[in-house]
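If you want the building blocks of each chain, they are given just below.
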Amino acid sequence: MKGNKILHRIIDLATLQELFESFHALCGIPITLTDVNGGLLYKPKGEHIGAGWIKACTHYHRQCEQTNKNCIISDTYLARHLKSGKEHAIYTCLNGLVDLAVPVYWEGEHIANIFSGQFFMSEPDISFYESLADKYGFNRSEYLAEIENVQRFDEAKVQEIIRFLKSLASLVTKSIQNSEDGELPLTKSKQLDKLTADSRRRDEILTTTLLSLDDYIYSLDTKDCFEEYYTPFKVGLLEEDYKNIKGLHYSQLNIHPQIKDELCIILEKVKRSKKTHNFYFPLKKNGHVEEYKGTVAYRRNAFNRFGGTTLHIRNISYEAKAYNEVTKLKQIIDNSPVAIVITDSDANIEYVNEQFCQNTGYTPTEVLGQNPRILKSGITPEGTYETLWRQISQGLTWKGGFQNKRKDGSLFAEKCIISPYYTNGTISHYVAIKEDITEKLAMEKELIRYKNKLEERVVEKNKQLQKSQHDYKEIVEHLTGIVWEVNMQGLIRFVSPNILKYSDYSAEELIEQPISYLFNPELHGKLYEFVNQFPENPREFSDFEVFLDKAGKRTFFTASGKPIFDIDNQLIGIRGISIDVTQQRERDKQVVEAIWQAEERLRTRISMELHDSIGATMSALSMYMNTLNTQFPDNSILQQVDSIVKKTASDIRMVARELNPPELETLGLAESLESISLLYNQVEQVNIKFLTDNLNLEPERNIKLALYRIITELINNAIKHGKATDIQIRLFSFEDEIYILYEDIGQGIFNNGSPQSLPGNGLKNIQTRLNTYGGHCQFFPIANCGLIVGMQLKAKSKREILT
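About the criteria used
Throughout this document, residue positions are counted from 1 along each chain, in the order its sequence is written. In keeping with the predicted nature of the model, local features appear solely for residues at pLDDT of at least 70, side-chain atom pairs appear and are counted solely at 80 or more, and the whole-chain, interface and lining totals rest on all residues. Heavy atoms from the whole structure form the basis of all side-chain values; hydrogens and water molecules are not counted. Aromatic pairs are defined between Phe, Tyr and Trp rings, using the six-membered ring for Trp, whenever the two ring centres lie within 6.5 Å; interplanar angles under 30 degrees are classed as stacked, those over 60 as edge-to-face, and all others as tilted. Exposure categories follow from relative accessible area, calculated using a 1.4 Å probe and restricted to protein chains: below 20% of the type maximum is buried, above 50% is exposed, and the middle band is partly exposed. Geometrically, a charge over a ring is one whose NZ (Lys) or CZ (Arg) sits within 6 Å of the ring centre while staying within 35 degrees of the ring normal. Comment: elements are numbered from the N terminus, with helices defined as DSSP H or I runs of at least four residues and strands as E runs of at least two. In short, DSSP must find at least two bridges between two strands for them to pair. Pairs of cysteine sulfur atoms within 2.5 Å are identified as disulfides in what follows. For our purposes a nonpolar core is just a set of buried Ala, Val, Leu, Ile, Met, Phe, Trp, Tyr and Cys residues, chained together by side-chain atoms within 4.5 Å. Between Lys or Arg on one side and Asp or Glu on the other, a salt bridge is scored when a side-chain nitrogen of the former is within 4 Å of a carboxyl oxygen of the latter.

**Q** Even after reading the chapter, I still don't get the packing of aromatic side chains, so can you show me in this structure?
**A** Given two aromatic rings, their pairing is described by the distance between the two centres and the angle made by the two planes. Here the structure, examined in full by the defined rule, presents 19 aromatic pairs. The interplanar angle of 55° and the centroid separation of 5.0 Å between the aromatic rings of F138 and Y143 together place this pair among those described as tilted. For the pair formed by F138 and Y143, the shared burial category is buried. The interplanar angle of 35° and the centroid separation of 5.0 Å between the aromatic rings of Y298 and F306 together place this pair among those described as tilted. In this structure an aromatic cluster arises from ring pairing among Y60, F120, F128, Y129, Y136, F138 and Y143. Lying over the aromatic face of Y385, K376 brings its terminal NZ or CZ to 4.6 Å of the ring centre.

**Q** Looking at this structure, I do not really get unusual backbone geometry. What am I missing?
**A** With glycine set apart, most residues show a phi of negative sign, and most peptide bonds adopt trans. Positive phi, normally seen in glycine, also occurs at Q118, with a value near 60°. Relative to the helices and strands, Q118 resides in strand β5 (residues 109-119). For Q118, a relative accessible area of 4% corresponds to the buried category. Phi angles above zero are rare outside glycine, and E512 is one such case at about 70°. Tracing the backbone shows E512 in the loop between α15 (507-510) and α16 (525-533). According to the relative accessible area criterion, E512 is partly exposed, its value standing at 48%.

**Q** How should the pairing of strand β17 (residues 492-495) be read in this particular structure?
**A** Here is the key point about a regular strand: its side chains alternate between the two faces of the sheet. Note: strand β16 (residues 482-487) against β17, three bridges, orientation antiparallel. Its bridge partner being in β17, E485 is matched across the sheet by F494. Where β16 folds back on β17, the antiparallel hairpin that results is connected by four residues, among which G490 adopts a positive phi of roughly 80°.

**Q** Quick question: what am I supposed to make of the state of the cysteines here?
**A** Formally, a disulfide is one covalent bond, and it connects the sulfur atom of one cysteine to the sulfur atom of another. In the structure shown here, the tally under the stated rule is zero disulfides. C71 takes part in no disulfide bond, and the closest cysteine sulfur to it belongs to C57, at a distance of 4.3 Å. Its relative accessible area of 5% is what places C71 among the buried residues.

**Q** Teacher, can you tell me more about the pairing of strand β11 (residues 339-344) here?
**A** β11 sits mainly inside the fold: five of its six residues count as buried. Across six bridges, β11 lies against strand β15 (residues 426-436) in antiparallel orientation. Among the inter-strand pairings, A339 is bridged to a residue of β15, identified as K434. Pairing geometry for β11 and strand β12 (residues 349-352), over three bridges, is antiparallel. When the bridges of β12 are listed, V341 appears paired with V352. Counted along the chain from β11 to the antiparallel partner β12, the turn is four residues long, and its residue A347 has a positive phi close to 70°.

**Q** How should I be thinking about the nonpolar core in this particular structure?
**A** Taken as a class, soluble globular proteins show a tendency for nonpolar side chains to be buried jointly. In terms of nonpolar packing, the biggest core is built from 37 residues, with I727 and M791 touching the most fellow members. Those elements giving two or more residues to this core turn out to be α20 (669-683), β21 (687-691), α21 (701-720), β22 (726-734), β23 (737-745), α22 (762-772), β24 (776-782) and β25 (786-794). A per-element tally of this core places α21 first, with nine residues. One finds I29, V102, W106 and A169 within the second-largest nonpolar core, a separate group that totals 30 residues.

**Q** Got a minute to help me understand the pattern of salt bridges in this structure?
**A** Pairs can form between side chains of opposite charge whenever their charged atoms are close. Counting across every chain of the model gives 20 salt bridges. Put simply, D334 and K330 hold a salt bridge, and the shortest N to O gap is 2.7 Å. Of this pair, D334 and K330 are both found in helix α10 (residues 317-334), four residues apart, which corresponds to roughly one turn of the helix. For K415, the salt bridge goes to E435, with nearest N and O atoms at 3.7 Å. Of this pair, K415 sits in strand β14 (residues 411-423) while E435 sits in strand β15; the two residues are 20 residues apart in sequence, bridging distant segments of the chain. Using a relative accessible area of 11% as the deciding quantity, one classes E435 as buried. Salt bridges sharing partners connect three or more residues here, namely E123, E148 and R152.

And the structure:
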């Protein structure tokens, strides 16, 4: 080495080499001469001075980067201790071997070191070296054989070796002093300056190295007290000044107790196993929490006994964040509802997620390294594949579909998006997002079939209704039903005998009784008002709806009639007929309910389709856009597209939720309406307040669904047509009836008190739903102020109450 030329001039290296070889032959211990910094001395032909280096060190420890660092630590430790004036230095290397050295002086100056060692002072822990061989890829049997050949010496023998090396160092010193007094290449003063400069240079390198480290390195003594700080230029992790904690037990640190407990457990593990252990902990620094990794290593003293531990702490916040992001992304991909396949540039599969395995029946092991052509069924045209490869090889994204074959031979349809992935400007991978649309296609066919069938049934029902109305008309014309007459005073003059079938009175009992016996004016005010006004405005009437009760059974009628004149053309009364339409009303109700049930099933299917298929596709597209945004963070077009995708996904979720409210069955009517009001508050510019102060019963399913649809219809109409800004809905119950009071602040929707004046059929549907289940409603629009609606409905349908 260039810096050691002076030692080559003042020391008889040939003679010293002979002494070293004799020493090794006698005791089997390696020995060499180094400069004051631990650097080896070499002969002119390139061989270093010394004898007996063991293969465990030269062929293994010095050849591996990590174990070689341990050797360098040992060399540096010995050199630094001797430079501080020690008579000798002994150190147990982190690789387990004992090294020692003594200084060589010339005219009071420390000019070199005699280095020896590479032996054991106790039986080695073979398991430690087995793990070392496995960890760093050493030939295990050969390496352990070399470890077995290493010399073992007790402490007394080591002391004898040290005394011998001191004598040998003294002999080397005397041989230098007795050499000829020829001029040296450098004067002693210059030699001292040179050595001082070299030492300063090494200290500068060490200081620079420590300054460049982001790690914190401490040593703890055998009692777990802080002993040394190897990175003194970095402070503020466990302390503000190392002086404040030097000599303190780790448990006295001003840090979180959980970290102390974790460190206590790790220290005990290290002491028991004599192996290195890691632990992880968060630490709040500069106002935010950062993640750290702590490593505790077992340290041996010069006599190969426990000499304490080394605590190495590293900030791993960036790595932890990156790992968490990668883990999160992998979990999203692994659990994606669509199949994801990643291939290399030659289309060899490198990754598939769980959904791919479910779609195809293959396991990851069976497809890794394979080409996706293993799924080919022979049905997809070859032109499709040619177009696919032409586009993706040019860096374009391909979209299309396949008819593929599963592992069991069954066929399935796939919708697919394949995009290239670039590494350093070159296509390195292809990413395919694939959706099994077999059930979707089947569902679409079923929906079309069901729609056609439903339309046929509706046409047939309309024909039946028309025929029924014709039949009812003929019955009326042939005097079927209840026929009645009243005079101008409103007294019954005649009623057909079958009245007993529908009321508690016989025909004879009703003669000369007021018409209120047939039709209670409180319940049928419209007909009663017509009769009272009849003398002033006699005219025919039809389709007045009335009903009669008998023994808990209600029968509905459609009343029609005309004025009666005598032979002098004087008005003497009213003759009418009431046709029993109870069964017809029930059939109408069943038809309406069937249509509504069909609508609900269709809503459910569409909601599931939106959520499971389109929603999943939008999620995959959103994930893909996130990936693109990560790759091109400053691309404004991608950001706009990503915003549109997220808005579309949000709208789809809202539509799916409105079509098929999941809370209705599980949480009930009140909670479902509260949920939908919160959703509207978030999406629309409207304030919805929902009150259920005295709701003491839960309606049956059909009623609950009808109320839900009625309220959402009112909200939608208020937002769309009434331009409402505030909506309040009060829901309460009394006995077996549900009452709803709806109020909004807006334009009033309609102005003449009739829902028919509103564009569309929104409020008509509300009335139809209420009437179907025997409910009632009243609308009170206030122009440019808002709308008030009152509704009343039994908690159970009339049909269920009767049964």
